[in-house]
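# Examining the three-dimensional arrangement
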Amino acid sequence: MNALSKGISKVEIALRWDPSPTGEPSTDLDLVAAPYLADAPYGEPAYVVHFDSRSPDGTITLNRDSQDGKGFGYDEVMTLELDRLDERYGRVLVGVVIQQLQAPRTFSGVGNPGLRIREGYDVLAEDDFGGVPGATAAIVGEFAREGTGPWEFRPGVQGFDGDPADFARDMGAARRA
């Protein structure tokens, strides 16, 4: 980023997948976002946004939630208004969790999964989770800024193999390069 760049301001994260075959338990993927305080960018998030929730200030919202992938196109959509996020936050992680209530499942068992992260019409990242087939959850992007500087996007899908219930707590650890 150069000095004239305003950085990233408003981002849409969209997730799609095919419904489970007839007679099999439904597949439910969920978007999760976790902001971290600038003075504590790793470890516990300040709060977590997921299904049935939004950020306290309304800057992170889940616009569309699917429990079975039966929508057309992108089934789950989240918006991050980074330009409105309070200055005390310096990092936001976005992840995807596969719910395990119906049946144990990893990304290899999800039909045709897809992820798109974009700002306006500019696509920042796309992925099909092919790099993390045995994971039950994954970090799909990181947004960070230095002080009050512009937000930058750090792409990359990092799989998580533990219990998805622990994902929100554990996702804030330093990311592997």
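The number of helices and strands found in the protein is 1 helix and 9 strands. Since a compact globule built from 177 residues should have a radius of gyration of about 16 Å, the 16 Å found for the protein is in line with a globular shape. Across its three principal directions, the C-alpha atoms of the protein cover 55 × 30 × 30 Å. Out of the 177 residues belonging to the protein, those deemed buried represent 46%. The contacts in the protein between residues at least 6 apart in sequence include a share of 67% that link residues at least 24 apart. If you sum the accessible surface of the protein, you get close to 9,000 Å²; carbon and sulfur atoms cover 48% of it. When the 17 positive and 29 negative side-chain charges of the protein are each reduced to one mean point, those points stand 3 Å apart.

The next thing to look at is the nonpolar core. Among the nonpolar cores identified, the biggest contains 34 residues, and Leu80, Leu82, Phe107, Ile117, Phe129 and Phe143 are the most heavily contacted of them. Where this core is concerned, the elements lending two or more residues are β1 (10-16), β2 (29-37), β3 (60-64), β4 (76-81), β5 (89-98), β6 (114-119) and β8 (137-144). Counting residues per element, this core draws most heavily on β5, at 5 residues. Among all residues touching Phe143, those that are not within four sequence positions of it are Ile8, Val11, Leu80, Leu82, Gly90, Arg91, Val92, Val94, Ile117, Trp151, Glu152 and Phe153. Counting 10 residues, the second largest nonpolar core, distinct from the first, contains Val32, Ala34, Tyr36 and Phe160.

The next point concerns the sheet that holds β4. Spatial ordering of the open sheet is given by β3-β4-β1-β6-β7, a layout of 5 strands whose pairing is antiparallel. Since the sheet does not close on itself, it has two edges, and those belong to β3 and β7 (122-127), each with one partner. Adjacent strand axes in the sheet meet at a mean angle of 20° when their direction is disregarded. Two elements, β6 and β7, share 5 bridges in a ladder whose sense is antiparallel.

A complete count under the given rule lists 5 salt bridges for this structure. Across the pair Arg116 and Glu12 runs a salt bridge, and its minimum N-O distance is 3.0 Å. Placement of the pair is Arg116 in strand β6 and Glu12 in strand β1, with a sequence separation of 104 residues. Looking at Arg116, the relative accessible area reads 15%, which means it is buried. Note on Glu12: relative accessible area 21%, which makes it partly exposed.

Another point: the sheet that holds β8. Read from one edge of the open sheet, 4 strands run β2-β5-β8-β9, paired in antiparallel fashion. For this open sheet the edge positions go to β2 and β9 (152-160), each flanked by a neighbour on one side alone. Adjacent strand axes in the sheet meet at a mean angle of 20° when their direction is disregarded. Here β5 runs beside β8; their pairing, made up of 7 bridges, is antiparallel. Across the sheet, residue Val96 finds its bridge partner in β8, namely Ala138.

Turning to the environment of Gly162, a few remarks are in order. Mapped onto the elements of the fold, Gly162 is located in the loop between β9 and α1 (164-170). Here Gly162 falls in the partly exposed class, since its relative accessible area comes to 33%.

This part is about the pairing of β1. Bridging between β1 and β4 involves 6 bridges; their strand directions are antiparallel. Bridge assignment links Lys10 to a residue of β4, and that residue is Glu81. Bridging between β1 and β6 involves 5 bridges; their strand directions are antiparallel. Each residue of the ladder has a partner; that of Glu12, found in β6, is Arg118.

The rules behind these values
- Residues numbered from 1 in each chain as written.
- Predicted model: local features only at pLDDT ≥ 70, side-chain atom pairs only at ≥ 80, totals over all residues.
- Heavy atoms only, no water.
- Helix = DSSP H or I, 4+ residues; strand = E, 2+ residues; numbered from the N terminus.
- Rg over C-alpha atoms; globule rule 2.2 N^0.38 Å.
- Buried < 20%, exposed > 50% of the residue type's maximum accessible area, 1.4 Å probe, protein only.
- Contact = heavy atoms within 4.5 Å.
- Areas by Shrake-Rupley, 256 points an atom, 1.4 Å probe, with all protein chains shown as cover.
- Lys, Arg positive; Asp, Glu negative; His and termini not counted.
- Charge placed at Lys NZ, Arg CZ, Asp CG, Glu CD.
- Core = buried A, V, L, I, M, F, W, Y, C linked by side-chain atoms within 4.5 Å.
- Pairing = 2+ DSSP bridges.
- Axes fitted to C-alpha atoms, helices over the stretch in contact; angles between N-to-C directions.
- Salt bridge = Lys/Arg side-chain N within 4 Å of Asp/Glu carboxyl O.

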